[in-house]
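Structural overview
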Amino acid sequence: MSSKIDLTLSEDNTTVQMTLPGQGDEPTIEVPLSLDEVTSLITVLGRLRQTMMADHEIPPIEGATFTPVTRTRWALQPEARTDGSLLAFQHPAYGPVGLVLAPQDADRLGKALQLHEQMRRDQKVSRGKLN
């Protein structure tokens, strides 16, 4: 048995039509979704995936495919349960996303950001030099 869920974005980009084809004598179901409903569906699916992944190892990030976010709002705040730092941002595809960094990971991130800033400064200086 297979099922294909069809999702169609409206011409004005304000709604999505979700179509679930019926199996056998079952009717096709059409569900219109607003932006808030799409966001809620993504959140619920994410939580379900998180639960399904509970007994699986976290896959390595090396070689993973992802889409960098270049337009967002973000916040950083202490996270009391782990004594770490919570980095939260608005992902255009997934909505609000948060990542808790343990203190040692926050230190690594801070050092990496400083290194990247120094590299950026060095590149800026070298671009202005004449040979």
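Scroll up to find the structure this text is about.
Let us look at the structure shown here. (Residues numbered from 1 in each chain as written. Predicted model: local features only at pLDDT ≥ 70, side-chain atom pairs only at ≥ 80, totals over all residues. Heavy atoms only, no water.)

Right, let's get into the sheet that holds strand E1 (residues 6-9). The sheet built from three strands is open, its strands ordered E1-E2-E3 with antiparallel pairing. Of all strands in the sheet, those with a lone pairing partner are E1 and strand E3 (29-34), marking the two edges. Neighbour-to-neighbour, the strand axes of this sheet turn through a mean angle of 20 degrees, independent of strand direction. Sheet topology places E1 next to strand E2 (residues 15-20); four bridges connect them, and they run antiparallel. Residue pairing for E2: Leu7 is matched across the bridge by Met18. Here helix H1 (residues 35-52) sits on the sheet in contact with E2 and E3, set at roughly 105 degrees to E3. (Pairing = 2+ DSSP bridges. Helix = DSSP H or I, 4+ residues; strand = E, 2+ residues; numbered from the N terminus. Axes fitted to C-alpha atoms, helices over the stretch in contact; angles between N-to-C directions. Contact = heavy atoms within 4.5 Å.)

Now for a nonpolar patch on the surface. Taken together, the side chains of Leu41, Val44, Leu45, Leu48 and Met52 make up a nonpolar region of the molecular surface, amounting to roughly 460 Å² of accessible area. Position of Leu41 among the secondary structure elements: in helix H1. According to the relative accessible area criterion, Leu41 is partly exposed, its value standing at 32%. (Patch = residues over 30% accessible without salt bridge, like charges linked within 9 Å, V, L, I, M, F, W, Y side chains within 5 Å. Areas by Shrake-Rupley, 256 points an atom, 1.4 Å probe, with all protein chains shown as cover. Salt bridge = Lys/Arg side-chain N within 4 Å of Asp/Glu carboxyl O. Buried < 20%, exposed > 50% of the residue type's maximum accessible area, 1.4 Å probe, protein only.)

The next subject is the pairing of E2. Side-chain positions along a regular strand alternate between the two faces of the sheet. Where E2 meets E3, six bridges bridge the pair, whose relative direction is antiparallel. Note on E3: the bridge partner recorded for Leu20 is Ile29.

Here we take up the side chain of Ser10. Checked against the element boundaries, Ser10 lands in the loop between E1 and E2. Under the relative-accessibility criterion, Ser10 is labelled buried at 19%. Polar contacts involving the side chain of Ser10 include one to the side chain of Asp12, which spans 2.6 Å. (Polar contact = N/O pair within 3.5 Å; in protein donor to acceptor, adjacent residues only side chain to side chain.)

A few words on the sheet that holds strand E4 (residues 74-79). Strand order in the open sheet formed by three strands is E4-E5-E6, with antiparallel pairing between adjacent strands. Two strands close off the open sheet at either side, each with one partner strand: E4 and strand E6 (95-101). Along the sheet, successive strands turn relative to each other by an average axial angle of 20 degrees, direction set aside. For E4 and strand E5 (residues 84-91), the ladder comprises six bridges, and the chain directions are antiparallel. If you follow Glu79 over to E5, its bridge partner there is Gly84. Relative to E6, helix H2 (residues 103-127) is tilted by about 105 degrees, and along the sheet it contacts E5 and E6.

Glancing now at the pattern of salt bridges. Summed over the entire model, instances satisfying the criterion amount to four salt bridges. Taking the shortest distance from any N to any O, the salt bridge between Arg108 and Asp105 comes out at 3.6 Å. Taken as a pair, Arg108 and Asp105 lie in helix H2 at a separation of three residues, close to a single helical turn. Judged by relative accessible area, which is 61%, Arg108 ranks as exposed. Overall, Asp105 belongs to the partly exposed group, its relative accessible area being 31%. Its salt-bridge partner being Arg120, residue Glu117 comes within 2.6 Å of it at the nearest N-O pair. Remark: Arg120 and Glu117 occur in helix H2; sequence separation between them is three residues, near one turn of the helix. A single network of salt bridges, built from pairs that share partners, joins Glu117, Arg120 and Arg121.

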